[in-house]
Amino acid sequence: MQPRGDRLAFGGPGIEPRWSHSNKEGIGTAYSSDSRLWYTLWRGIVTEVYYPRIDRPQLRDLEFLFSDGGSLFLEEKRHLDATTERPNERALGFTVRSEEPGGRFRLVKSVIADPHQPCLLVRAKLDVLDPELVGKLRLFALVAPHLEVGGWGNYATVYELLGRHVLAAEKGGTALAVMATLPFARSSVGYVGASDGYTDIAQHGSMAWEFDRAPDGNVALTGELPVGEVTEFTLGVAFGDSIQSAVTTLHQSLATPFELHHRRFLDQWQRTAAHELPLARRSGDGGRLYHASRATLLAHEDKLFPGAFIASLSIPWGAAQTDEDRGGYHLVWTRDMAHCALGLLASGAETTALRALVYLATQQKPDGGFPQNFWVDGTPYWHGVQLDEVALPILLAAKLKETRGNSGFDPEPMVRQGARFLIERGPATEEDRWEEVGGYSPSTIATSIAALTVAAGFVRAGGDAASAAFIQDYADFLESHVDLWTVTRSGTLVEGVPRHYVRVRPASVHSTVPDEGPDLGTVWLPNLPPGTPNAFPASEIVDAGFLDLVRYGVRAPDDPLVVDSLRVVDRVLKVDTPFGPVWRRYNRDGYGQRDDGGPYTDWGQGRGWPVLTGERGHYELAAGNDPAPYLEAMERFATTTGLVTEQVWDGPDLPSLYLELGRPTEAAMPLAWAHAEYLELLRSSADGAVFDRVPAVAERYQGRERRPLTLEYWTFNRQTSRVPPEATLRVVAGAPFRLRASDDGWGTLQSLESRRTGLGLEFVDLAPLRGPDRSWRFTFYWPESDRWEGRDFEARAAAPG
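All of these numbers come straight from a predicted model, not from anything done at the bench.

(A) View of helix H16 (residues 672–687). An ideal rise of 1.5 Å per residue puts 22 Å on 16 residues; H16 measures up with 23 Å between its terminal C-alpha atoms. Of all 16 residues that make up H16, 14 are buried, and the element is covered over most of its length. Count one or two residues on from H16 and you reach Gly688, which has phi positive near 75 degrees.

Structure representation (structure tokens):
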């Protein structure tokens, strides 16, 4: 193999690169660990291709151009009308039919991945229907590398090998190579916007330029396919850690007939049905979205790091994003991943769910927490702390234990560490599940209560009854305070409903003395248009996160506060579409497509989320109602290829921007979490009970009077200054200590040794003050370091809230 020549393309480094659109028509991979390649489709063309990990997009676009050598110049994604289909309901292979609007020609493609090697295969057939174009229509393949997760810095070359030209590009330790079974008649590389094939053909009607290399820039590769008597061919794009490796893989893949590849590809996917539960009969679409959701989630698992599931094979509003946005949604979010595993478990994929749990356990930090999100190799990307992302793996472990019984993997160490983190770092979360505001979140607290309750069960089953009681005590503390912390008494959003849950009671985790009085404070919202207000009373910002209290069994569905809160949510957040109801995340949300249809870039307008339609369906089932309307709405929100988006358009139709009421925006598509929610709702419908409901939680907190506030917690993370007069004050720390305490202003002293738990936490219980105008004053002696804390703390007797 040798370079064809040394003709250098002009115009480097090219125009600023952008990623592709995010509202995908299809995502695919071979169901084999050998392939290590994922692909997506948009408007009939291949957009991002990921290799060798699912979090590493390496290619922006693969499409075809058409010319008659004169005035006719058409680009596949812009000018042709494309229909994308998924012929096999369980396999992620696609057939694309692209028609010239005037009916003059048609291109039909079948897109799969080589079942055993990292090579994308496109079987294409061009039918020229206009007699005047027969013998004149020319076809070109255009490939835009974005190697090593970026458009800048790519190096493109044309090589000669075995009498044929191969297009290639490399950057860092990654390379790709392009060739077809029909040899290129002409081939070139160039800089995008200056000397690339698109610019060349648009100007000249043909490939007037043939450059051999285009180093260090935003480059594109172009090859002319001499369609004439032969109108059917296979195009391959192979990847490797060097050009030699990619070229070898490319030749090996193209040496096997496409039909054989295709048969093996389908056979691999068909095997995934072996442990599939018969849930299709509960659907409203004959199982179309059921099979698509299952395959979509399976495709979101990495192959170098088995068990790692990313949030989406997409970059939201990708066409507006530059190389600076390296993460997109192709990262692991513990929350999304736990939902994915639960969704697959609900469909019968127990082994896959266990693999996900084991992976998560290996990513847990020494303190019991998890990074906000991270690459599949465990490298953190963002560094926020979200308590629900600590709780959800515990719930996954409990559900797997319930489903599978004992396995060779013992999750109890992970569960213990997670429980410690929730106790030591709670109850306020640095960020709620929408990742923007910190404080006391009904959703986060509900998830924590459920996780701590099942954690107590794990620890009790392990023979440590004392630590189990300690964990359950904290869950009880959260349950007895959630309404005090997260309910407004002066709501104004709906007349006649002054009491309802709010999205979050804002609080900074860096402020160790909490303000937990009746005033919920002010919430500062991001993502709003410049110059508009962004500070609002917390009592006026709502979401439906409180439904997690019902989902996990903390509250009954007919709890008056839940019912009233639903009245507010439905009035403020619900949008009716031709496909069914959908809800926005919260009022005044700025994360979404702008009102004029423009992309979200730092600000926008939050739109309807189909995943919230699924969450509402779970509530309705818990309330004894039929979840079918919500299942059917999610099915209608899906695309024809079975993908569910993060957000649907909920404004007036903008046809020129392809924005229609109830159809996808340019937010992430697919959203794995939405597919998981659909699978869980389908399973819940089949079972007649919410799949995520924790029986131990419901048994403990429903059907009896609310527990009195008998236990108050003091931690270094939450140094409460108030304690109900009848409540015990539990002082908790992460190391052994001796508490020097007094309830009469240091007139008399008590010296209390801390009690050890099996979580690595220590505690001392201070007796109830039982009267007004009294307080506990205390300080710490740390025997391991032989030092006093050097400051006093005080907690006064006062009624809560």
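(B) Local environment of the side chain of Thr174. Within the secondary structure, Thr174 sits in strand S14 (residues 174–180). Separated by 2.3 Å, the side chains of Thr174 and Glu148 make a polar contact. The residues contacting Thr174, other than those within four sequence positions of it, are Tyr51, Gln58, Leu147, Glu148, Ala169, Gly240 and Asp241.

(C) The sheet that holds strand S33 (residues 755–756), seen in detail. A sheet is described by the order of its strands in space; here four strands give the open sequence S28-S30-S34-S33, paired in mixed fashion. Unpaired on one side and paired on the other, strand S28 (711–714) and S33 mark the two borders of the sheet. Of the pairings in the sheet, the one linking S28 to strand S30 (residues 728–733) comprises four bridges and is parallel in character. Following the sheet pairing, Leu711 is matched in S30 by Thr728. Its contacts with the sheet place helix H11 (residues 465–486) against S28, S30 and strand S34 (762–766), and it is angled at close to 100 degrees to S28.

(D) Representation of the nonpolar core. Formed by 217 residues in total, the largest nonpolar core has its most connected members in Tyr39, Phe66, Leu120, Phe233 and Leu235. When residues in this core are grouped by element, the largest group, 11 residues, is from helix H10 (residues 442–461). Aside from chain neighbours lying at most four places away, what touches Phe66 is Leu72, Phe73, Leu74, Glu76, Leu80, Phe105, Leu107, Leu126, Leu137, Arg138 and Leu139. One finds Ala733, Leu766, Trp782 and Ala795 within the second-largest nonpolar core, a separate group that totals 19 residues.

(E) Fine view of unusual backbone geometry. With an omega of -15 degrees, the peptide bond between Tyr51 and Pro52 qualifies as cis. Here Pro52 lies in the loop between strand S4 (45–50) and strand S5 (57–67). Following Met669, the chain continues into Pro670 via a peptide bond in cis, with omega recorded as 0 degrees. Along the chain, Pro670 falls in the loop between helix H15 (628–637) and H16. Phi at Leu162 takes a positive value of approximately 55 degrees, unusual for a residue other than glycine. Counting through the fold element by element, Leu162 comes out in the loop between strand S12 (154–161) and strand S13 (164–171). Taking the relative accessible area as the measure of exposure, Leu162 reaches 69% and is therefore exposed.

(F) Structural context of the sheet that holds strand S26 (residues 580–584). Pairing in this open sheet of three strands is antiparallel, and the strands run S25-S26-S27 from one edge to the other. Lying at the two open borders of the sheet, with one neighbouring strand each, are strand S25 (574–577) and strand S27 (608–609). Pairing of S25 with S26 involves four bridges; the strand directions are antiparallel. Bridged to Thr577 within S26 is Gly580. Relative to S26, helix H14 (residues 610–622) is tilted by about 105 degrees, and along the sheet it contacts S26 and S27.

(G) Spatial organisation of the side chain of Glu762. Tracing the chain through its elements places Glu762 in strand S34. Side-chain polar atoms of Glu762 contact the side chain of Ser754, separated by 2.7 Å.

(H) Structural context of the packing of H14 against H16. At a minimum axis separation of 8 Å, H14 and H16 run at an interaxial angle of 20 degrees. Our classification of the angle between H14 and H16 gives roughly parallel. The chirality of how H14 crosses H16 is left-handed. The residues of H16 that touch H14, namely those facing Val611, Gly614, Glu615, Gly617, His618 and Leu621, are Trp673, Ala674, Glu677, Glu680, Leu681, Ser684 and Ser685.

(I) Structural detail: the environment of Asp114. In this fold, Asp114 is placed in the loop between strand S9 (105–113) and strand S10 (119–128). For the pair Asp114 and Leu260, spaced 146 residues apart in the sequence, the C-alpha separation amounts to 9.9 Å. Discounting residues that sit within four places of it in the chain, Asp114 has contacts with Ala30, Ser35, Cys119, Leu121, Ser253 and His261. Within the local environment of Asp114, its side chain forms a polar contact with the backbone nitrogen of His116, the two atoms lying 2.8 Å apart.

(J) Focus on the pattern of salt bridges. All told, the structure shown has 65 salt bridges when counted by the stated rule. Its salt-bridge partner being Glu436, residue Arg503 comes within 3.5 Å of it at the nearest N-O pair. With Arg503 in the loop between strand S21 (500–501) and strand S22 (505–506) and Glu436 in the loop between helix H9 (412–425) and strand S19 (439–440), this residue pair connects regions lying 67 residues apart in the sequence. The class of Arg503 is buried, set by a relative accessible area of 1%. A salt bridge links Arg738 to Glu753; the shortest N-O distance between them is 2.6 Å. Pair noted here: Arg738 is in strand S31 (residues 738–742) and Glu753 is in strand S32 (residues 750–753), with a separation of 15 residues, a long-range link. Residue Arg738 is classed as partly exposed on the basis of its relative accessible area of 26%.

Here is what the cut-offs are and how they apply
- Residues numbered from 1 in each chain as written.
- Predicted model: local features only at pLDDT ≥ 70, side-chain atom pairs only at ≥ 80, totals over all residues.
- Heavy atoms only, no water.
- Helix = DSSP H or I, 4+ residues; strand = E, 2+ residues; numbered from the N terminus.
- Expected span 1.5 Å × (residues − 1).
- Buried < 20%, exposed > 50% of the residue type's maximum accessible area, 1.4 Å probe, protein only.
- Polar contact = N/O pair within 3.5 Å; in protein donor to acceptor, adjacent residues only side chain to side chain.
- Contact = heavy atoms within 4.5 Å.
- Pairing = 2+ DSSP bridges.
- Axes fitted to C-alpha atoms, helices over the stretch in contact; angles between N-to-C directions.
- Core = buried A, V, L, I, M, F, W, Y, C linked by side-chain atoms within 4.5 Å.
- Parallel < 35°, antiparallel > 145°, perpendicular 65-115°, else oblique.
- Left-handed = near helix turned anticlockwise from the far one by under 90°.
- Salt bridge = Lys/Arg side-chain N within 4 Å of Asp/Glu carboxyl O.

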